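Overview (structure and organization)
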Amino acid sequence: MRILVLGGDGFCGWPTALHLSDRGHDVTIVDNLSRRAIDLELEVESLTPIRPMGERLRAWKSVSGRDIGFIRLDLATEYERLTAVLSELRPEAVVHFAEQRAAPYSMRSPQAKCYTVDNNVRATHNLLSALVTTGIDAAVVHLGTMGVYGYGWSGSAPIPEGYLTVKVPTPDGDIPREILHPANPGSVYHLTKTLDQLMFGFYAKNDQLRITDLHQGIVWGTQTPQTVLDHRLINRFDYDGDYGTVLNRFLMQAAIGHPLTVHGSGGQTRAFIHIRDTVRCVELAVQNPPEGPRPQVFNQVTETYRVADLAKLVSEMTGVEVANLPNPRQEADRNELIVCNDQFLALGLKPTTLSEGLLEECTDIAVRHRHRVDPSKIIARSVWRPGMATSDDLMPEATDR
C-alpha cells in the first residue's frame, strides 16, 4: 500500500514508518519537525541520540534496501500544500500522528495550551477536509489516547471500545442508542483528542471517510526490530517531566540512582502498551478499515498498572528507592481502569507484557545513555493550576552507577 505517516519523526511515528516499510509498504513521512523544536524550547534532549532525518532515512536504505520518502510540511498551517501532496501521492492509507502529544506540556503555559489546540485541532481538520477536497478514499488511522475516557469516570465498569449502549427514555418507551463513551479529558492535550472524535464522526457520516481512532495507552520501551538494526535508527527516549512517559522515566531514574518519582499517592491506574505492539496495532488498523458510516475505535492497550505498583516493580529490580512527590496534575488520588481490547486480540495481536527480560532491555538503553541525563529536567513541574506545589530537584547532578 501507499501510506503517508503524518508525524513520522516522532516517538511513535518513526518506528511505525520503519515497521510499515519493512512490511513492504510504500511509505512517505510528512512532518514539520516540531518535536525537535520543542526539545530546543525545553532545553532537553532525548536520552538516546536522535540523528537528523536525512541521516535516518539513509541509514534505513542502507540496512533494508528500501526508500522512505520525506516531506517537510506543517499540517496545521499549509493546507494547500497538503492537498497537493495528497493529489500527487494518492495514498491508500494515512496514519495520523501529527499532534502535540504530551499532557504536561499542554498545561505548561497559556502559550503551550494555545499551541496544542491550534496545532492538533487544525491538523486533524485540515487532513479530513483535504481528503474530501481531493476525493482520495484513503483509510485514516489516528493515534488517539485512553485519556479521552478520563480516569475514574467509569468506576469498575469495563471501558468499551469507543461506543456505549444507552437507553433514551421517550413517551413511547426507551430507545436504544450507541453513543461515543462520554468524554472526560484531563488536560488540554486530552481535550484536543476528544474534539478529534467529533470531527471523525462528522466526516464519516457526511463524507463517508473511513477512519479508525486508536485510543492508546501509555507507551513504554524504545526499540523495535527495525530500530535496532543500526544505531542511527534508534528511537526517542524522553525522560523529562513534560514528555517522558512514566515507566521509561522510572528506568532512566534507576539508571542514574535517582529516586523513582511517584507524583501523588501512586494510586492512579494507567493503561500501557509496548512500542513494538503500537506499530503492530497500527498495521492491523491499516489492514482492517471500517466498513460502516462511522469511525471504528480500538482500545490500543495490553496491560494496566497502578503507578505505585509499577514503581515497586522497578525499585525491587534495581534497588532504587521510591519518592512520593506533590502531584502537579488535577486528578483523583486513586482510580480503577478496566479496559476492553477484544478487537486487536481478535485480529491476532500477541501482547508484549512487562516481563523481566523486556524491562532489562529498556534498562540497558537507559544505562547505556545515562551520561546524557540532565537531572534538572527530571521533576515534573508543569502544573494544572497556578500555585500547585512541585518538588525541588532531588539530585543536583547525575551519578555514575
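Only a predicted model underlies this, so the values are computations on that prediction, with no experimental measurement involved. (Residues numbered from 1 in each chain as written. Predicted model: local features only at pLDDT ≥ 70, side-chain atom pairs only at ≥ 80, totals over all residues. Heavy atoms only, no water.)

Things to note about the packing of helix H4 (residues 79–89) against helix H6 (residues 110–134)
- The interhelical angle for the contact between H4 and H6, taken along N-to-C directions, is 50°, at an axis separation of 9 Å. Considering their axes alone, H4 and H6 lie oblique with respect to each other. Crossing hand, H4 versus H6: right-handed. Residues Tyr79, Leu82, Thr83, Leu86 and Ser87 of H4 form the contact with H6, whose own contacting residues are Asn126, Leu127, Ser129, Ala130, Leu131, Thr133 and Thr134.
- Across the contact of H4 with H6, the residue classes break down as six nonpolar, six polar and no charged. (Axes fitted to C-alpha atoms, helices over the stretch in contact; angles between N-to-C directions. Helix = DSSP H or I, 4+ residues; strand = E, 2+ residues; numbered from the N terminus. Parallel < 35°, antiparallel > 145°, perpendicular 65-115°, else oblique. Left-handed = near helix turned anticlockwise from the far one by under 90°. Contact = heavy atoms within 4.5 Å. Nonpolar A, V, L, I, M, F, W, Y, C, P; charged D, E, K, R; others polar.)

Focus: the sheet that holds strand S13 (residues 303–306)
- Taken together, three strands build an open sheet; the order of strands is S9-S11-S13 and the sheet is mixed. The open sheet terminates on both sides in strands that have one partner only, identified here as strand S9 (218–220) and S13. Within this sheet the neighbouring strands show an average axis-to-axis angle of 45°, counted without direction.
- Bridge count for S9 against strand S11 (residues 269–274) is three bridges, and the pairing is parallel. By the bridge assignment, Trp220 is partnered in S11 with His274.
- Across the sheet, helix H10 (residues 307–318) lies against S11 and S13, angled at about 90° from S13, the strand it touches most. (Pairing = 2+ DSSP bridges.)

Re the pattern of salt bridges
- In total, this model carries 23 salt bridges according to the counting rule given.
- Linking Asp238 and Arg35 is a salt bridge whose minimum nitrogen-to-oxygen distance equals 3.1 Å. Here the residue Asp238 occupies a position in the loop between S9 and helix H8 (246–256), and Arg35 occupies one in helix H2 (residues 34–42), the gap between them amounting to 203 residues.
- Classification of Asp238 by relative accessible area gives buried; the value is 6%.
- A network of salt bridges, in which partner residues are shared, links Arg35, Asp39, Arg101, Arg236 and Asp238. (Salt bridge = Lys/Arg side-chain N within 4 Å of Asp/Glu carboxyl O. Buried < 20%, exposed > 50% of the residue type's maximum accessible area, 1.4 Å probe, protein only.)

All quantities given are derived from atomic positions and should not be read as evidence of function.
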